[in-house]
Amino acid sequence: MLVQLPTPLGMCLTFTLGACMFSSHRWGEWNDSQLLPTIQKLMKGYNRYLRPNFNEGPVEIGMSLDIASIDAISEINMDYTATIFLRQRWRDSRLVFPGNESVSVDGRLVSLLWIPDTFIPDSKRSFLHDVTVENRLIRIFSNGTVLYALRITATIACNMDLTKYPMDRQVCTLQLESWGYNLQDVVFFWTRGNDSVKGLDTLRLAQYSVESYYTSVSEAVYETGHYPKLVLHFALRRNVLFFILETYVPSTLLVVLSWVSFWISQSSVPARTCIGVTTVLTMTTLMMGARTSLPNANCFIKAIDVYLGICFTFIFGALLEYACAHFYTMQHQTIEDLHRDLVREFNESSGNGSIPIVSSTQPKNSVNVSSHAEELTEQPDNSDTKATGENKAKKTGQGCGLSSVKDASRRAASIFIVKNPHNIDRHARTVFPTAFLFVNILYWLYYLFL
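Cut-offs applied
- Residues numbered from 1 in each chain as written.
- Predicted model: local features only at pLDDT ≥ 70, side-chain atom pairs only at ≥ 80, totals over all residues.
- Heavy atoms only, no water.
- Pairing = 2+ DSSP bridges.
- Helix = DSSP H or I, 4+ residues; strand = E, 2+ residues; numbered from the N terminus.
- Salt bridge = Lys/Arg side-chain N within 4 Å of Asp/Glu carboxyl O.
- Buried < 20%, exposed > 50% of the residue type's maximum accessible area, 1.4 Å probe, protein only.
- Core = buried A, V, L, I, M, F, W, Y, C linked by side-chain atoms within 4.5 Å.
- Contact = heavy atoms within 4.5 Å.
- Disulfide = S-S within 2.5 Å.
- pLDDT = per-residue confidence, 0-100.
- Expected span 1.5 Å × (residues − 1).
- Bend = angle between axes of the 7 residues up to and from the residue.

Draft legend 1. The arrangement of the sheet that holds strand E10 (residues 169–178) in detail. Spatial strand order, E6-E10-E14-E13: four strands in an open sheet with antiparallel pairing. Every other strand in the sheet has two partners, leaving strand E6 (118–119) and strand E13 (208–222) as the edge strands with one partner each. Where E6 meets E10, two bridges bridge the pair, whose relative direction is antiparallel. From the neighbouring strand, Phe119 faces E10, where its bridge partner is Glu177.

Written out as structure tokens, the structure is:
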């Protein structure tokens, strides 16, 4: 039977009453007998404030993780930021329904169910992704098993030991605990052991590579009781190649550059001084730049600090080497000039300038010349030697003591007198590279293999 109803717009709405009655009948019949249990039926008599197995033992909650990414690892803040997919499974006998299928519930209906109060104790900041809706998944199986999945991004603390930085190996953890339910109420376990964690094998990081990982089950002890805890341990090995190109190679080249001054003449004071000062200032800038990405205050000396300190010591030593070489060169020239003057005066005083007793073109040892000069200055020009001899004889005891002290001081001073100042640069060309190579071998052996 066709029925035509007037509408405000003058249009006609035509439908078949028989078909409508048939459809209405079939819909009601299907709703009562053939439709899978709706959330209203499952929630009938359900109290979400009581955990499953209340007064019947603890609830066993299995967990698994997918590490989507580790976005940043900060040595300054001692933490890392990771995006993870957290999946939790438990069995709630109040949600059992007939059949072998599962029901996927909208994530916005999570407030109707009991869910574990799992949290990350070392988290500094975290949030649940909500684009385009909150990234939650609830799936109920016919035997009452509930699957609850979340997508979380969290910044988690990681205590780092930077003693061997940048050749360090850091072990970070991701801990999962129950906030309010103790071990009498809730028990955590990994669903498949170490295979419960996915994504770390294929993870690619900027400065690190995932060396190994494993899972463990423990308990957290607080003043309020013992709580279940799951821990994921993963070891991160830093890639040292970046730091070799960024810090180690430039600092080593600066040390080699400071050795160029050993082949420059000592008379070229501006050139050698410019090389020494420039390398020292450049090394200081490099040391300051290496500290920008590290904690400003720490109680340990890092491996990169040790190497930069070694390089700075060798560069500064090259600058001091030129200062010493220049000083002894000037001292040697002064002694030679003094020797020439003494020879000239001695030849003039002898009254026979045509036959010099000592040739000025062949200077003697600087130590002997200086001692001879002192003896000449100490000789009296007066012929009254007997009186002085008597006075010296009276002070024989004091003279012996003073002469022994003077001889000892002369011998000590002769140690620091260099016969040929040009030998300083000649020896430095061998000593500095050999010492630097030896120190490098010890450094890399210690920090790479010990």
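Draft legend 2. Structural detail: the pattern of salt bridges. According to the stated counting rule, one finds 13 salt bridges in the structure shown. Here Arg238 makes a salt bridge to Glu75, at a shortest N to O gap of 2.7 Å. One end of the pair, Arg238, is in strand E14 (residues 225–238); the other, Glu75, is in the loop between strand E3 (59–74) and strand E4 (79–91), with 163 residues separating them in the sequence. What makes Glu75 buried here is its relative accessible area of 8%. The shortest N-O distance in the salt bridge between Glu134 and Arg136 comes to 3.4 Å. With a relative accessible area of 44%, Glu134 lands in the partly exposed category. Linked through salt bridges whose partners overlap, the residues forming this network are Glu75, Asp168 and Arg238.

Draft legend 3. Highlighting the nonpolar core. Formed by 77 residues in total, the largest nonpolar core has its most connected members in Ile67, Ile70, Tyr80 and Leu174. At nine residues, helix H5 (residues 303–350) tops the list of elements feeding residues into this core. Once residues lying within four places of it in the same chain are set aside, the contact partners of Ile70 are Tyr80, Thr81, Ala82, Leu203, Leu205 and Phe234.

Draft legend 4. Representation of the state of the cysteines within the structure. Applying the stated criterion across every chain yields a total of one disulfide. The disulfide bridge from Cys158 ends at Cys172, spanning 2.0 Å between sulfur atoms. On the S-S bond that ties Cys158 to Cys172, the torsion sits near -85°, and the link is left-handed. Remark: Cys172 occurs in strand E10 and Cys158 occurs in the loop between strand E9 (145–157) and E10; sequence separation between them is 14 residues.

Draft legend 5. The confidence of the model for the protein, seen in detail. On average, residues of the protein score 79 in pLDDT, and 73% of them are at 70 or above. Throughout residues 1–36 the model reports pLDDT below 50, and contacts reaching past four residues in sequence, or to other chains, amount to 24 contacts. The model gives residues 357–388 a pLDDT under 50, and that stretch makes 19 contacts with residues more than four places away or in other chains.

Draft legend 6. Here's a closer look at the environment of Trp90. For Trp90, the position within the fold is in strand E4. The class of Trp90 is buried, set by a relative accessible area of 3%. Placed 30 residues apart in sequence, Trp90 and Glu60 show a C-alpha to C-alpha distance of 6.1 Å. When near neighbours in sequence (up to four residues on either side) are disregarded, Trp90 contacts Pro52, Val59, Glu60, Ile61, Trp114, Ile115, Pro116, Gly144, Thr145, Val146 and Tyr148.

Draft legend 7. Layout of helix H9 (residues 422–449). Compared with an ideal rise of 1.5 Å per residue, which puts 28 residues at 40 Å, H9 spans 41 Å between its outermost C-alpha atoms and is within 8% of the ideal. Of all the bends in H9, the greatest measures close to 35° and is centred on Ala428. The complete set of buried residues in H9 reads Ile424, Asp425, Ala428, Phe432, Phe436, Asn440, Tyr443 and Tyr447.

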